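Residue-level listing of the chains:
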Amino acid sequence: MIEHPENAAEYKGLTVNEGVENLPQVNPYATFKRKKRTLSAEEYVEGILRGDITLLSQAVTLVESNLPSDQLIAQKVIELCLPHAGNSIRLGITGVPGAGKSTFIEALGTELCHQGKKLAVLAIDPSSERSKGSILGDKTRMNELSVEANAFIRPSPSAGSLGGVARKTRETIVLCEAAGFDTILVETVGVGQSETAAHSMVDFFLLLQVTGTGDELQGIKRGIMEMADGIAINKCDGHNVERAMAARVSFKNALALFPPTESGWKPYAETCSAVEKTGILDVWKMVEEYIRFTRANGYFDHQRTQQAKYWMYETINSSLLNGFYQSPDMEPLIEQAEQRVLNNELSSFIAAAQLLERYKNLKQQ
């Protein structure tokens, strides 16, 4: 039987080929996204040491992750990067909300990049107490600095960390230093009741102040003033110049009343305008002067060793806390104790003591 009569002998010269089979419904030309290959710690470190910003960013993401698998790789990366770290100036910047921290950092950072320095900005963004989310919009506020080839801006959520500093910022500093960044700026959320965490990871702690907001007394609070190695009075421009100069004198008098610092350094105040980019270099000269002074008397290295010890204990405390709350054996016990406290069947202190005792016994089993 001839399927196509056109192929019969009388139709010489005319040939009809067989049709093709039905094609699969899936588009054969479609490209499928392959699963991303997991890099080893050694591959991350190799990329970081050659200054690969993409791998540096991915490594920072690993450090910030709470997944146990990511933490294993992250800790190995940090360990391998440690011998290449430590060669930078670490500057912490804090101040009341609205003091112009981001604008100041952009003005200072741009100037430092023009001087040939490699700058890493670790900007801490406040996390919502309700949603736990953060905007992470510091790059959008630092338009000029974000396009500098020598600048690396990494916004991180505070996630409820002490003093407004992200929990993993110190490890991120190590990675940035290993990548060749010689200047690290750490921006905190703002002046809180405790800036200890920020102070314990930087060489110079700068307090950014403004005038004309009715908040001058807030800035003279003893706790934050005692931690500050220097003060920069921002927004010294326009009609605010005279008030900024008067504030400088006030801060100078306040600082003179404090006892001598452990480093022997005498903190002082400078005025600047981040918008007009005036006085920015004077602030940086103050930082450089402090670094020279503390390196000469040995306090610079002493402070870094003390900071390393501080963060060892902070890590221990954090691990113990996470272990307690994330233990599957403790979770139902915590819920039961909580309910008994709410029903006034048990005091808060006794409930806590019983839970801790139970946790200790579980760890000993």
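Coordinates for the structure precede this section.
Here is what the cut-offs are and how they apply
- Residues numbered from 1 in each chain as written.
- Predicted model: local features only at pLDDT ≥ 70, side-chain atom pairs only at ≥ 80, totals over all residues.
- Heavy atoms only, no water.
- Phe/Tyr/Trp six-rings, centres within 6.5 Å; stacked < 30°, edge-to-face > 60°.
- Helix = DSSP H or I, 4+ residues; strand = E, 2+ residues; numbered from the N terminus.
- Buried < 20%, exposed > 50% of the residue type's maximum accessible area, 1.4 Å probe, protein only.
- Lys NZ or Arg CZ within 6 Å of the ring centre and 35° of its normal.
- Salt bridge = Lys/Arg side-chain N within 4 Å of Asp/Glu carboxyl O.
- Expected span 1.5 Å × (residues − 1).
- Pairing = 2+ DSSP bridges.
- Polar contact = N/O pair within 3.5 Å; in protein donor to acceptor, adjacent residues only side chain to side chain.

**With respect to the packing of aromatic side chains**
What the rule picks out here adds up to 8 aromatic pairs. Relative to Y290, the ring of F204 lies with its centre 5.1 Å away and its plane at 80°, an arrangement referred to as edge-to-face. Residue F204 is found in strand β5 (residues 204-209), and its partner Y290 is found in helix α12 (residues 280-297); the two are separated by 86 residues along the sequence. Like F204, the residue Y290 is buried in the burial classification. Look at F324 and Y359: their rings are 5.3 Å apart centre to centre, the planes differ by 80°, and that puts the pair in the edge-to-face class. Of this pair, F324 sits in helix α13 (residues 299-326) while Y359 sits in helix α15 (residues 348-364), and the two are 35 residues apart along the sequence. Pairwise contacts between aromatic rings join F204, W265, Y268, Y290 and F293 into one cluster. Cation over ring: R295 sits above F300, and NZ or CZ is 4.5 Å from the ring centre.

**So, the pattern of salt bridges**
Counting across every chain of the model gives 9 salt bridges. D203 is the salt-bridge partner of R304, the closest N and O atoms lying 2.7 Å from each other. Taken together, the residues span a long stretch of sequence, with R304 in helix α13 and D203 in the loop between α8 (196-199) and β5 at a distance of 101 residues. The class of D203 is buried, set by a relative accessible area of 0%. One connected set of salt bridges, linked through shared partners, spans E46, R50 and D52.

**Details of helix α4 (residues 101-114)**
For α4, built from 14 residues, the straight-helix expectation of 20 Å at 1.5 Å per residue is met to within 8% by its first-to-last C-alpha distance of 20 Å. For α4, the buried fraction is high: 11 of the 14 residues fall into the buried class. Along α4, the positions that sit buried rather than exposed are K101, S102, F104, I105, E106, A107, L108, G109, T110, L112 and C113. Immediately downstream of α4, the backbone of G116 shows phi near 95°, a positive value.

**Thoughts on the pairing of strand β6 (residues 230-233)**
Residues of β6 alternate between two faces, with G230 and A232 on one and I231 and I233 on the opposite face, all of them buried. Two elements, β5 and β6, share 4 bridges in a ladder whose sense is parallel. The partner of Q209 across the bridge, within β6, is I233. Pairing of β6 with strand β7 (residues 269-271), which is carried by 3 bridges, proceeds in the parallel orientation. Bridge pairing links A232 to E270 in β7.

**As for the side chain of S102**
Of note, S102 is situated in helix α4. On the accessibility criterion, S102 (9% relative accessible area) is buried. A distance of 3.3 Å separates a polar atom in the side chain of S102 from a polar atom in the side chain of E187.

**Some points on the side chain of E270**
Relative to the assigned elements, E270 resides in strand β7. Residue classification places E270 among the buried residues on the basis of a relative accessible area of 14%.

**What to know about the environment of Q58**
Position of Q58 among the secondary structure elements: in helix α2 (residues 53-64). The class for Q58 is partly exposed, based on a relative accessible area of 22%.

**Observations concerning the pairing of β5**
Here β5 lies mainly inside the structure; 6 of its 6 residues are buried. Both faces of β5 are covered, namely the face carrying F204, L206 and L208 and the face carrying F205, L207 and Q209. Direction of pairing for strand β1 (residues 89-95) relative to β5: parallel, over a ladder of 5 bridges. Within the sheet, the bridge partner assigned to G95 lies in β5 and is L208.

Take it as geometry only, folks, not as evidence of what the structure does.
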